[in-house]
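Coordinate inspection notes
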Amino acid sequence: MKALLVFRNLLGHMTREEASPITLKLAEKLLPLFSNESSQLRESSIRLFRDVMQMVVWRHKRQMRKNVQRGLLPLLFHMSDQTQSVAKASREALLSAAEFLEQKQLKYLTQTEQAWRIGECLLVQDRNGVEEYLCQSLLYLKDAQATVREEAIRFTGLAARHLRDQSAERLRKVCDALKPLQEDIEPSICSLAAQTMLIVGSPRKRPASGRTRALCCWPCKARER
């Protein structure tokens, strides 16, 4: 925690030209801290991540791009963080990331807080990154926060339907990762996990099915009841 404050103060006293090489290494180190059990550390790391994006000079932007892309999904999930200050910091950082990557749709969806549509946006805009997104999402299925687990389950289902490898074996592995959540302490998580497994395991007849849309909307409708 103290180290993050030191880095933030240090960057504040440096020019962008001086800070840019440091930010490249710092961004990579910050990503694992987004899911730290300490809400203060989560918030501080996310806010610093936003700062480093804004400090990068043009010639280092391409190198920073990969770290920014790796941060998109964790930031989306933590927009649902149970600590409001972390959720706010995540939304602000995701907005900065959208601007950094020049993704207008992502920026609009973040500004309007359409979290459930952001996941679909990420998958459509980066089809080559679906597998990596899915791997990230599976890690968040074990998150301590129910709200984050819920977002991870929903995204996992969406990502599975976007996989190039639609073999029964590949989809079974996704269902196996979801299976323990059918016994989650939160009833809503149990229900969502069960429905997602059903959707993932069902035969896919066309790219954009009603079943996939149901996966996007079901959690939202559940909240409205």
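Please read all numbers here as calculations on a predicted model, not as lab measurements.

A separate point is helix α4 (residues 61–78). The first and last C-alpha atoms of α4 sit 25 Å apart over 18 residues, in line with the 26 Å expected at 1.5 Å per residue. At L72, α4 shows its strongest bend, of approximately 30°, with the proline P74 following within four residues. Along α4, the residues classified as buried are M64, N67, V68, G71, L72, L73, P74, L75, L76, F77 and H78.

Right, let's talk about the packing of aromatic side chains for a bit. The description of an aromatic ring pair uses the distance of the two centres, along with the angle that the planes make with each other. Tallied over the entire structure, the rule returns 4 aromatic pairs. Taking the centre distance of 5.3 Å and the plane angle of 85° together, the rings of F34 and F49 count as edge-to-face. Linking F34 in the loop between α2 (16–30) and α3 (39–55) with F49 in helix α3, this pair joins segments that are 15 residues apart in sequence. Accessibility expressed as a relative area gives 0% for F49, which makes it buried. Ring geometry for Y133 versus F155: centroids 6.1 Å apart, planes at 80°, classification edge-to-face. Remark: F155 occurs in helix α9 (residues 146–162) and Y133 occurs in helix α8 (residues 130–140); sequence separation between them is 22 residues.

Note that L33 resides in the loop between α2 and α3. Once the C-alpha coordinates of L33 and S45 are considered, the two residues, 12 residues apart in sequence, prove to be 6.2 Å apart. Discounting chain neighbours no more than four positions away, the residues touching L33 are L4, L41, R42 and S45.

What follows is about the confidence of the model for the chain. On average, residues of the chain carry a pLDDT of 88, and 89% of them reach 70 or more. Contacts for the low-pLDDT stretch residues 206–214, under 50 throughout, to residues beyond four places or in other chains number 6 contacts. Across residues 217–225 the pLDDT falls below 50, and counting only partners more than four positions away or on other chains, this stretch makes 13 contacts in the model.

The end-to-end C-alpha distance of helix α5 (residues 84–101) is 26 Å, a good match for the 26 Å that 18 residues give at a rise of 1.5 Å each. Of all 18 residues making up α5, 13 are buried, and the element is well covered by its neighbours. Positioned one or two residues after α5, E102 has a phi angle of 60°, which is positive.

Definitions and limits used
- As a convention, each chain's residues are numbered from 1 in the sequence order in which they are written.
- Given that the model is predicted, a residue must reach a pLDDT of at least 70 before its local features are reported, and side-chain atom pairs must reach 80 or more before they are shown or counted; all residues, however, enter totals for whole chains, interfaces and linings.
- In computing side-chain properties, one takes all heavy atoms of the structure into account and sets aside hydrogens as well as water.
- To qualify as a helix, a DSSP run of H or I must reach at least 4 residues; to qualify as a strand, a run of E must reach at least 2; elements of each kind are numbered from the N terminus.
- Expected span of a helix: the number of residues minus one, times 1.5 Å.
- Here the bend at a residue is taken as the angle between two axes, fitted respectively to the seven residues that end there and the seven that start there.
- Burial classification: accessible surface area is computed with a 1.4 Å probe over protein chains only, and a residue below 20% of its type maximum counts as buried, one above 50% as exposed, and the rest as partly exposed.
- Side-chain rings of Phe, Tyr and Trp, where Trp is taken by its six-membered ring, are said to pair if the distance between their centres is within 6.5 Å; with planes under 30 degrees apart they count as stacked, over 60 as edge-to-face, and otherwise as tilted.
- Contacts are assigned to residue pairs with any non-hydrogen atoms lying within 4.5 Å of each other.
- pLDDT is defined as a per-residue confidence score from the predictor, taking values between 0 and 100.

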